[in-house]
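These are the residues of each chain, in order.
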Amino acid sequence: MRRSWRYPDQIQEMVDGGWSQYGDWSYCSAECGGGTQTRSRNCNNPAPANGGADCVGDDSQTQLCNIDPCPVDGGWSQYGEWSDCSAKCLGGTQNRSRKCNNPVPAYGGADCEGDESQTQSCNNDQCPACDNSSIEVTKVSEGVAGVWGVNSAEDIFKLDTDESCWVKVPGKLRHVSSGATVWGIGPNWNVYQYLGDGDWLEIPGNFTDVDVSDKGHLWGVDSNQNVFRRTGSSWVQVPGKAVRVRVTEAGVWARNVQNDIFYRTGTYGDQDCSGTVWENVSERLDRTSSPGKITAVVSTVRNIIAGLDINVNINLPDTASVDVPEDLIV
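Residues numbered from 1 in each chain as written. Predicted model: local features only at pLDDT ≥ 70, side-chain atom pairs only at ≥ 80, totals over all residues. Heavy atoms only, no water.

Asker: Help me get a handle on the overall build of the chain, residues and values and all.
Answerer: Of regular secondary structure, the chain possesses zero helices and 25 strands. Per element, the accessible surface of the chain, about 19,300 Å² overall, is 46% carbon and sulfur. (Helix = DSSP H or I, 4+ residues; strand = E, 2+ residues; numbered from the N terminus. Areas by Shrake-Rupley, 256 points an atom, 1.4 Å probe, with all protein chains shown as cover.)

What follows is the structure, given as structure tokens:
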């Protein structure tokens, strides 16, 4: 605003101050997580003069900036406890691990650098002498889950990782089967699955025999000689009668009360299926002079090789030789 007054010899004009435009914002005080920046203006457009009024208002402004959270790089927690040694003697391994959660990477922060686990050797001493003289395991089964057996008192044993000592496992079983997992028949014909650490889970059903393959396929026989296959959490009956059943890479095999041996067609290769029909192969196997005895060579704890008459066309993938579960043969 311009005003004027008269002196005796001149007239002077009063000028009120006016603001200039704001300047550029300053750099933010933080790169992330919220900072501030300012900008200012001057009271020079025009500057107050001849008693004119100053500019009204603030000469600067402040605002928030870079409010996005800052990246958080990950940090390792402390290592946990060492795991149990994989062997009791002669050298094993154990490991321990840590987590990238101290803190957890966030907002584009870097992952932790380095390994999340460590491995070291353990129990490198020589194994002590093992005395198995008092242990008489009468029924043995070998599979991916190890070598298992029971004795006449229905005690359960597992061959240790060094395959030198029988280690007693809590529980009682008439029969044990080792494959991908371990199953057994209890004293009251109950079915049990081994969960580890000495724990057995009772499975509904009463059977006189069960067998599990290295692929986890489970078959069983009840007291009425009915044959069943485990599918999911249920037992599904398979036509036919048997007193024993065995499941191997060579398929599903069974023996009836007359000691005839049957092969379940369509199950070769440990297939996850019920197969087609039972084929009696007893009369097509080379036998000794004693009826019911099969000429065989013991190859493993679990299986034997039995010769077949190659001139007889039986529905097997290999008509020259086939693995027949040892304990089916009497």
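Asker: Explain the nonpolar core residue by residue, including any values.
Answerer: Nonpolar side chains tend toward joint burial in soluble globular proteins. Of all hydrophobic cores here, the largest spans 11 residues; its members are Trp-219, Val-221, Val-227, Val-238, Ala-242, Val-245, Val-247, Val-252, Ala-254, Phe-262 and Trp-278. Listing elements by their share of this core, those giving two or more residues are β16 (218-221), β19 (244-248) and β20 (251-255). Here Phe-262 is in contact with Val-252, Trp-253, Ala-254, Asn-256, Trp-278, Glu-279 and Asn-280, once residues within four sequence places are set aside. (Core = buried A, V, L, I, M, F, W, Y, C linked by side-chain atoms within 4.5 Å. Buried < 20%, exposed > 50% of the residue type's maximum accessible area, 1.4 Å probe, protein only. Contact = heavy atoms within 4.5 Å.)

Asker: Outline the sheet that holds strand β18 (residues 234-241), listing residues and values.
Answerer: In spatial order, the strands read β15-β16-β17-β18; together these four strands make up an open sheet with antiparallel pairing. On the outer flanks of this sheet lie β15 (209-212) and β18, each paired with one strand and no other. Going across the sheet, the axis of each strand differs from the next one's by a mean of 25 degrees, ignoring polarity. Examined bridge by bridge, β16 and strand β17 (residues 226-231) share three bridges and lie antiparallel to one another. Counterpart to Trp-219 in the pairing with β17 is Arg-229. (Pairing = 2+ DSSP bridges. Axes fitted to C-alpha atoms, helices over the stretch in contact; angles between N-to-C directions.)

Asker: Can you tell me about the state of the cysteines, naming the residues and giving the values?
Answerer: Formally, a disulfide is one covalent bond, and it connects the sulfur atom of one cysteine to the sulfur atom of another. Taken as a whole and judged by the stated rule, the model has five disulfides. At a sulfur-sulfur separation of 2.0 Å, the disulfide partner of Cys-85 is Cys-122. Because the sign of the S-S torsion sets the handedness, a value of about 90 degrees for the bond joining Cys-85 and Cys-122 places this disulfide among the right-handed ones. In this pair, Cys-85 is assigned in the loop between β4 (60-65) and β5 (92-97) and Cys-122 in strand β6 (residues 117-122), connecting sequence segments 37 residues apart. Paired through a disulfide, Cys-100 and Cys-112 show a sulfur-sulfur distance of 2.0 Å. Across the disulfide from Cys-100 to Cys-112, rotation about the S-S bond amounts to roughly 85 degrees, and the bridge is consequently right-handed. Residue Cys-100 is found in the loop between β5 and β6, and its partner Cys-112 is found in the loop between β5 and β6; the two are separated by 12 residues along the sequence. (Disulfide = S-S within 2.5 Å.)

Asker: Explain the packing of aromatic side chains residue by residue, including any values.
Answerer: As enumerated under the stated definition, the model contains seven aromatic pairs in all. Seen in terms of ring centroids, Trp-148 and Tyr-194 are 5.0 Å apart; in terms of plane orientation they differ by 65 degrees. Their pairing is edge-to-face. With Trp-148 in strand β8 (residues 146-151) and Tyr-194 in strand β13 (residues 190-196), this residue pair connects regions lying 46 residues apart in the sequence. Relative to Trp-278, the ring of Trp-219 lies with its centre 6.3 Å away and its plane at 75 degrees, an arrangement referred to as edge-to-face. Pair noted here: Trp-219 is in strand β16 and Trp-278 is in strand β22 (residues 278-280), with a separation of 59 residues, a long-range link. When its relative accessible area of 1% is taken as the criterion, Trp-219 is described as buried. Aromatic rings pair up to connect Trp-148, Tyr-194 and Trp-200 into one cluster. Looking at Arg-96, its charged tip hangs above the ring of Tyr-79, at a distance of 4.5 Å from the centre. Over the ring of Trp-189 we find Arg-174; its NZ or CZ atom is 3.7 Å from the centre of that ring. (Phe/Tyr/Trp six-rings, centres within 6.5 Å; stacked < 30°, edge-to-face > 60°. Lys NZ or Arg CZ within 6 Å of the ring centre and 35° of its normal.)

Asker: Now, about the sheet that holds strand β11 (residues 175-178): what can you tell me, with residues and values included?
Answerer: An order of β11-β12-β13-β14 is seen for the four strands of this open sheet, with the pairing classed as antiparallel. Each edge of the sheet is formed by a strand with only one pairing partner; in this case those strands are β11 and β14 (199-206). Each strand of the sheet is rotated relative to its neighbour by a mean of 25 degrees, with strand direction disregarded. Sheet topology places β13 next to β14; six bridges connect them, and they run antiparallel. Along β14, the bridge assignment pairs Gly-196 with Asp-199.

Asker: An account of the environment of Thr-93 is needed here, citing residue identities and associated values.
Answerer: Within the secondary structure layout, Thr-93 lies in strand β5. Those residues in contact with Thr-93, other than ones at most four positions away along the chain, are Asp-84, Cys-85, Ser-86, Thr-119, Gln-120, Ser-121 and Cys-122.

Asker: Can you explain unusual backbone geometry? Please cite residues and give values.
Answerer: Trans peptide bonds make up the majority, and among non-glycine residues the majority have a negative phi. Residue Pro-46 is bonded to the preceding Asn-45 through a cis peptide linkage, with omega at 0 degrees. Inspection of the secondary structure puts Pro-46 in the loop between β3 (35-40) and β4. Backbone geometry places Glu-154, a non-glycine residue, at a positive phi of 70 degrees.

Asker: I'd like a rundown of the pattern of salt bridges, residues and numbers included.
Answerer: Scanning the entire structure with this criterion turns up four salt bridges. The closest approach of N and O atoms between Asp-155 and Lys-168, which form a salt bridge, is 3.7 Å. Of this pair, Asp-155 sits in strand β9 (residues 155-159) while Lys-168 is found in strand β10 (residues 166-172), placing the two residues 13 residues apart along the sequence. Using a relative accessible area of 12% as the deciding quantity, one classes Asp-155 as buried. With a shortest N-O distance of 2.8 Å, Asp-209 and Arg-246 are connected by a salt bridge. A residue pair is termed long-range when its members are at least 10 positions apart, and Asp-209 in strand β15 and Arg-246 in strand β19 qualify at 37 residues. Take Asp-209 and Arg-246: they sit in the same class, and that class is buried. When salt bridges that share partners are traced, they join Asp-155, Lys-168 and Lys-172 into one network. (Salt bridge = Lys/Arg side-chain N within 4 Å of Asp/Glu carboxyl O.)

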